[in-house]
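One-letter residues, chain by chain:
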Amino acid sequence: MQYRTLGRTGVQVSALVLGAMNFGRIGNTTQRDAEAMIGAALDAGINLIDTADWYSDGQSEEMVGKAIGGRRDDIVLATKASMPMSENPNHRGGSRRWLCTALDDSLRRLGVDHVDLYQIHRWDPETGDEETLAALTDLQRAGKIRYFGSSTFPAYRIVQAQWAAREHRLGRYVTEQPSYSILQRGIEAHVLPATRDYGMGVLAWSPLASGWLSGAVRAGREIATNRSAILPERFDLTIASNRARMDAVERLAVVADQAGLTMIQLALGFVTAHPAVTSAIIGPRTTAHLEAQLAAADTVLPADVLDAIDEIVAPGVDLAAHEKFDTPPALLEPVLRRR
């Protein structure tokens, strides 16, 4: 397992991160499954576990908390907040009122007195940066969190938050967690240059592109993955963007085969090769999935393979731009761009 420094924190983290989104109802995983995967991941050298309060309504955090047991000191533990946790309009977002409550709830579910990295799951347009950063700074000073970061922020919001932290003399986001894969490379154009300029660590999620790059999705085969059952529109080949992804997958499969790699090794090796990326977050649903992904822990792609990937999906290009989560709201809501 390779280790990298998380931004400018000095904390050493594994190049692969165990994401716990599939723990619980979302992935139909049991507590025994979670314990087996966490044990295997730690034994393989993974030292960062990432979860969120929103995953299965807190069930993921509870399962992680029970599974880490006496190994807490060996783990860089990360969780997130800001996504809706109930119908109550104040049980979400980046306000001081909610973040203080949400963190206490997460600590209780995890069974710990602090988390190492607390992340704002999505930018909250209703809350000012000063409000959120002041709350996070106070939680850090109280010892409940060691560092804080953002997740899926557009580049201009990353810059704005860094400016606000400096202007108001508050703690700053030290990490960003964007979606990034061979098929979704848009962050290379804006987000990654910003994170590099500010010395932020980058924890990339969905490096297998929701299963498109797992090897289980191929032309001429029935698509029967867990994710395709949950989000069938992302795999509907009557949609042009999905046909473009399938074409890219078939061409990438040839590159992987010629290089003696699995599709998973190609996909994870690509993400961890970018100098602005600290780690790739894997989100296994089963121990078999985990084992296949751990096999990519030491994959280093040579220049000719990276060049071949660039020929298939150009740098900075998203093959399914409409699926991005960091799109400025005014591009999605007509009322926000009209007087």
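Residues numbered from 1 in each chain as written. Predicted model: local features only at pLDDT ≥ 70, side-chain atom pairs only at ≥ 80, totals over all residues. Heavy atoms only, no water.

Student: For this particular structure, what's the right way to read the overall build of the chain?
Tutor: When you go through the chain residue by residue, the secondary structure sums to 12 helices and 10 strands. Taken over C-alpha atoms, the radius of gyration comes to 19 Å for the chain, in line with the 20 Å a tight globule of 339 residues would show. Overall, the chain is about 55 × 55 × 40 Å in size when its C-alpha atoms are taken along their principal axes. Buried positions account for 53% of the 339 residues belonging to the chain. (Helix = DSSP H or I, 4+ residues; strand = E, 2+ residues; numbered from the N terminus. Rg over C-alpha atoms; globule rule 2.2 N^0.38 Å. Buried < 20%, exposed > 50% of the residue type's maximum accessible area, 1.4 Å probe, protein only.)

Student: What exactly am I supposed to notice about the environment of Ala34 here?
Tutor: Position of Ala34 relative to the elements: it lies in helix α1 (residues 31–43). Between the C-alpha atom of Ala34 and that of Thr287, which follows or precedes it by 253 residues, the distance is 8.8 Å. Here Ala34 is in contact with Phe23, Met63 and Ala67, once residues within four sequence places are set aside. (Contact = heavy atoms within 4.5 Å.)

Student: Sorry if this is basic, but what is going on with the pattern of salt bridges here?
Tutor: Pairing between side chains of opposite charge can happen when the charged atoms of each approach one another. The full count for this structure, using the stated rule, is 14 salt bridges. With a shortest N-O distance of 3.6 Å, Asp105 and Arg108 are connected by a salt bridge. Residue Asp105 and its partner Arg108 are located together in helix α3 (residues 96–110), separated by three residues, close to a single helical turn. Taking relative accessible area as the criterion, Asp105 reaches 23% and is therefore assigned partly exposed. Between Arg157 and Asp129 there is a salt bridge, and its shortest N-O distance comes to 2.6 Å. (Salt bridge = Lys/Arg side-chain N within 4 Å of Asp/Glu carboxyl O.)

Student: Could you clarify how one ought to interpret the side chain of Ser151 in this entry?
Tutor: Relative to the helices and strands, Ser151 resides in strand β7 (residues 145–151). With relative accessibility at 1%, the residue Ser151 sits in the buried group. A polar side-chain atom of Ser151 sits 3.2 Å from a polar atom in the side chain of Thr152. Contact partners of Ser151, with chain neighbours within four places excluded, come to Lys80, Ile120, His121, Arg122, Glu176, Gln177 and Trp205. (Polar contact = N/O pair within 3.5 Å; in protein donor to acceptor, adjacent residues only side chain to side chain.)

Student: What exactly am I supposed to notice about unusual backbone geometry here?
Tutor: When glycine is set aside, most residues are seen to have a negative phi, and most peptide bonds are trans. The backbone of Ser206 shows a phi angle near 55°, a positive value even though the residue is not glycine. Looking at the element boundaries, Ser206 is found in the loop between β9 (201–204) and α7 (226–230). Its identity as a non-glycine residue notwithstanding, Ser210 has a phi of 60°, on the positive side. Looking at where Ser210 falls in the secondary structure, it is placed in the loop between β9 and α7. Looking at Ser210, the relative accessible area reads 15%, which means it is buried.

Student: Looking at this model, I keep getting lost on the side chain of Glu323. Mind explaining?
Tutor: Looking at the element boundaries, Glu323 is found in the loop between α11 (303–312) and α12 (329–332). Accessibility expressed as a relative area gives 13% for Glu323, which makes it buried. Looking at Glu323, its side chain comes within polar contact range of the side chain of Arg245, at 2.7 Å. Not counting residues up to four positions away in its chain, the partners in contact with Glu323 are Gln184, Arg234 and Arg245.

Student: Can you walk me through the sheet that holds strand β6 (residues 115–120) in this structure?
Tutor: One key point about sheets: their strands pair by backbone hydrogen bonds, in either a parallel or an antiparallel sense. Read once around its circumference, the closed barrel built from eight strands follows the order β3-β4-β5-β6-β7-β8-β9-β10, with strand pairing classed as parallel. Recorded for the sheet is a direction-independent mean angle of 30° between the axes of neighbouring strands. Along the sheet face, helix α9 (residues 263–273) touches β3 (16–19), β9 and β10 (279–282) and points at about 145° away from the line of β10. (Pairing = 2+ DSSP bridges. Axes fitted to C-alpha atoms, helices over the stretch in contact; angles between N-to-C directions.)

Student: Whenever I open this one, helix α4 (residues 129–141) confuses me. Can you help?
Tutor: Every α-helix winds through 3.6 residues per turn, so residues three or four apart in the chain are directed the same way. With 13 residues, α4 should reach 18 Å at 1.5 Å per residue; the first-to-last C-alpha distance of 18 Å fits that figure. Buried within α4 are the following residues: Asp129, Thr132, Leu133, Ala134, Ala135, Leu136, Thr137 and Leu139. Along its buried surface, α4 packs onto α3, β6, β7 and α5 (155–167). One or two steps after α4, the chain reaches Gly143, where phi turns positive at roughly 85°. (Expected span 1.5 Å × (residues − 1).)

Student: Before we go on, may I ask you to explain the UniProt feature "domain: NADP-dependent oxidoreductase" (unreviewed entry) in the chain in this structure?
Tutor: Feature annotation in UniProt assigns "domain: NADP-dependent oxidoreductase" (unreviewed entry) to the following positions: residues 16–313. Annotated as residues 16–313, this span is 42% helix and 12% strand, and its ends, taken at the C-alpha atoms, are 23 Å apart. (UniProt positions renumbered as here; feature names shortened; annotations may be inferred.)

Student: Is there a simple way to explain the packing of aromatic side chains in this structure?
Tutor: The description of an aromatic ring pair uses the distance of the two centres, along with the angle that the planes make with each other. Summed over all chains, the structure comprises five aromatic pairs. Arranged with centres 5.6 Å apart and planes meeting at 80°, the rings of Phe153 and Tyr173 form a pair that is edge-to-face. Placement of the pair is Phe153 in the loop between β7 and α5 and Tyr173 in the loop between α5 and β8 (175–177), with a sequence separation of 20 residues. Overall, Tyr173 belongs to the buried group, its relative accessible area being 4%. An aromatic cluster is defined as three or more aromatic residues linked by ring pairs; in this entry it consists of Phe148, Phe153 and Tyr173. (Phe/Tyr/Trp six-rings, centres within 6.5 Å; stacked < 30°, edge-to-face > 60°.)

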